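Each chain, written out:
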Amino acid sequence: MKTLILGAGYSGLAVATKMKPAPGLEALMVEQNAYHTFETRLHEAAAHNTPVTLPLAPLLRGTGVNLEKAQVEAVNLDEREVKLKDGRVLTYDTLVVGLGSVTNFYRIPGLAENASELKQLSDADEIFNFVNRAYTTEYQGNRDIVVGGAGLTGVELVTELAQRAQLLTKERGLPPFNIYLVEAGPKILPILDDALRAKAQKTLEDYGIHILVGHRITQATADTVTVQTASGEQKTISAGKIIWTGGIQARDIVSGSKLEKGPGGRIAVDDKLRAKGYPEVFVIGDMGLALNQEGKPVPTTAQHAGQQGRLTGKNIMRLVRGEEPESYEPTTLGEFVSLGGLMAVGWMKLPWNQKLAITGGIAHVMKRASEWRWRISID
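Anyway, here's the lowdown on the structure attached to this text.

Procedures and definitions
- Residues numbered from 1 in each chain as written.
- Predicted model: local features only at pLDDT ≥ 70, side-chain atom pairs only at ≥ 80, totals over all residues.
- Heavy atoms only, no water.
- Axes fitted to C-alpha atoms, helices over the stretch in contact; angles between N-to-C directions.
- Helix = DSSP H or I, 4+ residues; strand = E, 2+ residues; numbered from the N terminus.
- Parallel < 35°, antiparallel > 145°, perpendicular 65-115°, else oblique.
- Contact = heavy atoms within 4.5 Å.
- Nonpolar A, V, L, I, M, F, W, Y, C, P; charged D, E, K, R; others polar.
- Buried < 20%, exposed > 50% of the residue type's maximum accessible area, 1.4 Å probe, protein only.
- Pairing = 2+ DSSP bridges.
- Phe/Tyr/Trp six-rings, centres within 6.5 Å; stacked < 30°, edge-to-face > 60°.
- Expected span 1.5 Å × (residues − 1).
- 1 Å grid on protein atoms, 1.4 Å probe; cavity = no way out; pocket = protein on both sides within 12 Å on 5 of 7 lines; lining within 4 Å.
- Points joined across faces, edges and corners; volume = space filled by probe spheres on them.
- Right-handed = clockwise from strand over helix to strand, strands pointing away.
- Polar contact = N/O pair within 3.5 Å; in protein donor to acceptor, adjacent residues only side chain to side chain.
- Salt bridge = Lys/Arg side-chain N within 4 Å of Asp/Glu carboxyl O.

Here's the deal with the packing of helix α1 (residues 10-17) against helix α9 (residues 360-378)
Two elements in contact, α1 and α9, have axes separated by 9 Å at closest approach and are oriented at 40°. Comparing the axis directions of α1 and α9 gives the class oblique. From α1, Tyr10, Leu13, Ala14 and Thr17 reach across to α9, where they touch Trp374, Ser377 and Ile378. For the contact of α1 with α9, a count of residues per class yields five nonpolar, two polar and no charged.

Comments concerning the pairing of strand β23 (residues 334-338)
In terms of residue burial, β23 counts as a mostly covered element, since five of its five residues are buried. Across the two faces of β23 the burial is the same, with Gly334, Phe336 and Ser338 and Glu335 and Val337 all buried. Taken together, the five bridges between β23 and strand β24 (residues 344-350) define a ladder with antiparallel strand orientation. Bridged to Phe336 within β24 is Gly346. The turn joining β23 and β24, which pair antiparallel and follow one another in sequence, is formed by five residues; a positive phi near 90° is taken by Gly340.

Digging into the packing of aromatic side chains
Scanning the model with the defined rule gives four aromatic pairs in all. For the pair Tyr106 and Trp244, a centre-to-centre distance of 6.5 Å together with 80° between the ring planes defines the contact as edge-to-face. Pair noted here: Tyr106 is in the loop between β10 (101-103) and α4 (111-114) and Trp244 is in strand β17 (residues 241-244), with a separation of 138 residues, a long-range link. Residue classification places Trp244 among the buried positions, given a relative accessible area of 9%. Consider the rings of Phe130 and Tyr139, whose centres lie 6.0 Å apart with planes at 90°: the pair is edge-to-face. Exposure remark for Phe130: the relative accessible area of 2% places this residue in the buried category.

Regarding the environment of Pro297
Tracing the backbone shows Pro297 in the loop between β22 (288-289) and α8 (302-320). Residues within four places of Pro297 in sequence aside, it is in contact with Arg266, Leu289, Ala290 and Leu291.

As for the sheet that holds strand β14 (residues 215-220)
Across the sheet, which stays open at both edges, the three strands sit in the order β14-β15-β16 with antiparallel pairing between neighbours. The strands lining the two open edges of the sheet, one partner per strand, are β14 and β16 (234-238). Taken pair by pair, the neighbouring strands of this sheet meet at an average axis angle of 30°, ignoring direction.

Some remarks on α8
Across its 19 residues, α8 extends 27 Å between first and last C-alpha, which sits within 8% of the 27 Å expected from 1.5 Å per residue. Positive backbone phi, at 80°, marks Gly322, one or two positions downstream of α8.

Description of empty space enclosed by the protein
Within the structure shown, the criterion is met by one cavity of 30 Å³ or more. Taken as a whole, the largest cavity holds about 40 Å³ of empty space.

Let's talk about unusual backbone geometry
Of all residues except glycine, most have a negative phi; of all peptide bonds, most are trans. Positioned with a positive phi, Arg107 is a non-glycine residue whose angle comes to about 55°. Examined against the element boundaries, Arg107 turns out to sit in the loop between β10 and α4. For Arg107, a relative accessible area of 83% gives the class exposed. At Leu273, a residue that is not glycine, the phi angle is positive and equals roughly 70°.

Notes on the pairing of strand β12 (residues 179-183)
Two faces make up the sheet, and in a regular strand the side chains alternate between them. Among the five residues that make up β12, five are buried, leaving the element largely enclosed by the rest of the structure. In β12, alternate side chains face the same way, and those of Ile179, Leu181 and Glu183 on one face and Tyr180 and Val182 on the other are all buried. As judged from the four bridges shared by strand β11 (residues 145-148) and β12, these two strands associate in the parallel manner. Directly across from Gly148, in β12, lies its bridge partner Val182. Note on the crossover from β11 through helix α6 (residues 152-172) to β12: the handedness is right-handed. Where the polypeptide runs from β12 across helix α7 (residues 194-206) and back to strand β13 (residues 210-213), its parallel neighbour, the crossover connection is right-handed.

What to know about the environment of Glu233
With respect to the helices, strands and loops of the structure, Glu233 is situated in the loop between β15 (224-229) and β16. It is 9.3 Å that separates the C-alpha atoms of Glu233 and His215, two residues lying 18 residues apart in sequence. Leaving out residues up to four positions away in the same chain, Glu233 has contacts with Val227 and Gln228.

Brief notes about the sheet that holds strand β8 (residues 89-91)
If you trace the four strands from one edge of the open sheet to the other, you get β8-β7-β6-β19, paired in mixed fashion. Looking along the sheet, the strands with just one partner apiece sit at the ends: β8 and β19 (254-255). The pairing of strand β6 (residues 72-76) with β19 spans two bridges and is classified as parallel. Residue pairing across strands places Val75 opposite Val254, the latter belonging to β19.

Some points on the side chain of Glu156
You can see Glu156 is positioned in helix α6. At a separation of 2.8 Å, a polar atom in the side chain of Glu156 contacts the main-chain amide nitrogen of Ser338. Polar side-chain contacts of Glu156 include one of 3.2 Å to the side chain of Lys367.

Observations regarding the pattern of salt bridges
Within this structure, the stated rule accounts for 18 salt bridges. The closest approach of N and O atoms between Arg274 and Asp270, which form a salt bridge, is 3.0 Å. Using a relative accessible area of 24% as the deciding quantity, one classes Asp270 as partly exposed. Members of the salt-bridge network, linked through shared partners, are Arg41, Glu44, Arg368 and Glu371.

Pasting the structure below:
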């Protein structure tokens, strides 16, 4: 059974590390980088240059999965073909699509052209380099930073940047830059309940971050963003760096006559995580539109991507043995938001669908524990 695994993000890597060499199984992972990136920690790399990658080769040892360092250009499900950027075409019997998402700029004029993203290591490097340049005496431009989107990524990024600014201010004697967090919705961190959100907002305010909820970015230039309130009031904010974390959408590189897509371009899958109409194709992580037990879309988070990947890896091994694949039953173990240093807020799941709210250092430890569980799961 010739199996292709596209992507080495949380979902794709989880698939590969759950596989073992087996007679009749030929498995190949296609990934443009030689490493796996902890995307949930890119905000740390952006602010502090924290290492957030792991080399793939040691992780794939003993799995029977070979690595092909290449970039996928297009996937044709009707022809069972995967076209690579270098012109090669790969075929498969079984396909796993785990290529993740791209930033959704929502067609806001000038935003895609002028805003940085935080989707990969090079994005984090760009932001880190800007902060360092802004804290030199030679730098003459605007030093302020505008971050659009107050979800997990945006909030974690601004707190780390604020902490970094405080450290550099003490080290170099230069004043801190302003950080603006702009959110079109009525509140930051909509995934949290009101009490935890209030604690998070208090932390941001203590850092001196300017929180602009109910402000929609309507335009961006190289050094400004225009925002508009619900009442129609507009104002322009000058910035040396604009960063957009306000939305994602599935990569639009998969085609098929029977393909079904939902919100954000996500591909509809069945209860085994197979693309509807294509039982030989598993679509997982940000690209797949899986449903939970209530029939609602499963969130595009690292923990769910990992769950989907582990199940898919096991299901491929089941198919090799001639067994039926198992159904996907998602579970949310908790959600934690890093707020710089040893501070975090979040909740963890308890029996009988109860939630335990946790803040401060203990929440930070719980967030780190979830990352170590991931590390253990792929070793």
